[in-house]
Amino acid sequence: MSLIVKICGLSTRETLDVALQAGADMVGFVFFPPSPRHLGLEQARELGKQAKGRATKVALSVDADDATLGNIVDALQPDILQLHGRETVARVRDIKQKFGLLVMKAIAVETPADLAALAGYAAVADHILFDARAPKHATRPGGLGAVFDWHVLENLDLKVPFMVSGGLNAGNVAEALRVTRAGGVDVSSGVEGAPRYQGPRHDPRLIRAARASSPLPAGERSAFERSEKAG
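All values reported here derive from a predicted model rather than from experimental measurement.

1. Things to note about helix α2 (residues 41-51)
For α2, the set of buried residues is A44, L47, G48, Q50 and A51. Viewed along the axis of α2, the buried residues span an arc of 155 degrees, placing them on a single side of the element. Among the exposed residues of α2, those pointing more than 90 degrees away from its buried face are E42 and K49. G53 lies just past α2 and shows a positive phi near 80 degrees.

2. Quick word on the pattern of salt bridges
As enumerated under the stated definition, the model contains eleven salt bridges in all. A salt bridge links E42 to R45; its shortest N-O distance comes to 3.7 Å. Of this pair, E42 and R45 both sit in helix α2, three residues apart, roughly one helical turn. One salt bridge in this structure joins D114 and R133, with 2.8 Å as the shortest N-O distance. Note that D114 is positioned in the loop between β5 (102-109) and α5 (118-124) and R133 in the loop between β6 (127-132) and β7 (162-165), a separation of 19 residues in sequence. Using a relative accessible area of 18% as the deciding quantity, one classes D114 as buried. Salt bridges linked by common partners bring E42, R45 and D74 together as one network.

3. Here's the deal with the environment of A182
Note that A182 resides in the loop between α6 (173-180) and β8 (184-187). In this structure, the C-alpha to C-alpha distance between A182 and M163, residues 19 residues apart in sequence, is 5.5 Å.

4. Observations concerning the nonpolar core
Core analysis: the largest hydrophobic core is formed by 61 residues, its most contacted members being V27, F29, I128 and F130. Here the element with the most residues in this core is helix α3 (residues 66-76); it accounts for five residues. Aside from chain neighbours lying at most four places away, what touches F29 is L10, L16, L39, L47, K57, V58, A59, L60 and L76. In terms of nonpolar packing, the next biggest core, distinct from the first, is built from nine residues, V58, I80, M104 and L129 among them.

5. Topic: the sheet that holds strand β4 (residues 80-83)
What the eight strands build is a closed barrel, ordered β1-β2-β3-β4-β5-β6-β7-β8; its pairing is parallel. In this sheet, adjacent strand axes meet at a mean angle of 25 degrees when their direction is disregarded. By the bridge criterion, six bridges tie β5 to β6 in an arrangement that is parallel. Looking at β6, one finds that K105 is bridged to I128.

What counts and what doesn't
Residues numbered from 1 in each chain as written. Predicted model: local features only at pLDDT ≥ 70, side-chain atom pairs only at ≥ 80, totals over all residues. Heavy atoms only, no water. Buried < 20%, exposed > 50% of the residue type's maximum accessible area, 1.4 Å probe, protein only. Helix = DSSP H or I, 4+ residues; strand = E, 2+ residues; numbered from the N terminus. Arc of directions from axis to C-beta. Salt bridge = Lys/Arg side-chain N within 4 Å of Asp/Glu carboxyl O. Core = buried A, V, L, I, M, F, W, Y, C linked by side-chain atoms within 4.5 Å. Contact = heavy atoms within 4.5 Å. Pairing = 2+ DSSP bridges. Axes fitted to C-alpha atoms, helices over the stretch in contact; angles between N-to-C directions.

And the structure:
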């Protein structure tokens with residue numbers, strides 16, 4: 001049975017179309033200036049129209065204030081706000097209430113100790129995304145192509161749907177899913193030939209590999225779809 005595949009960091013009509021034609025369930029747009037995948041508001045407006053009705057639109061931000069989030073929401077009209085910074089549980093709750101959108105909270109993972117705050121976030125967020133912890137002096141918190149120890153998530157009992165990210169590609173996504181039993185995967189640098197380019201030859205291969213190895217039982221496409229409808 002299929003699972004949710006999210007292609008993140010899309011920044012042109014061409015690359016977005018590639019992701020959509022490849023069958024991405026979610027398409028992610030980055031609003032964080034230090035990232036080479038950062039998207040301007042006018043670009044976001046056009047790409048949002050292109051993706052409307054074809055995939056779930058996800059807006060990624062990092063410790064953004066309400067004004068910035070408001071501009072992003074106005075331009076992209078996203079379905080999900082992905083919070084990829086150091087947002088507290090209270091901040092996640094406030095954003096969800098203020099904007100009335102589904103919220104995905106990213107949690108950086110390196111060791112089991114990084115899961116200490118998971119219960120609090122899982123109580124307020126609609127989705128959890130586990131990503132590799134960035135090096136201490138990195139300029140951005142994710143999208144660096146680094147892989148974390150998936151065994152940290154082994155036997156995880158989480159009531160909200162979760163995805164894994166960090167250095168995933170067609171060669172390792174099956175193992176990541178086998179170990180974590182995640183309901184979705186989030187990829188960016190693992191399918192691109194350059195920091196701002198998701199290569200058309202790679203997206204279909206990774207998506208096929210992910211779907212072929214999905215551990216989800218038949219008839220249970222994922223809790224992602226149910227939570228989106230509920231939201």
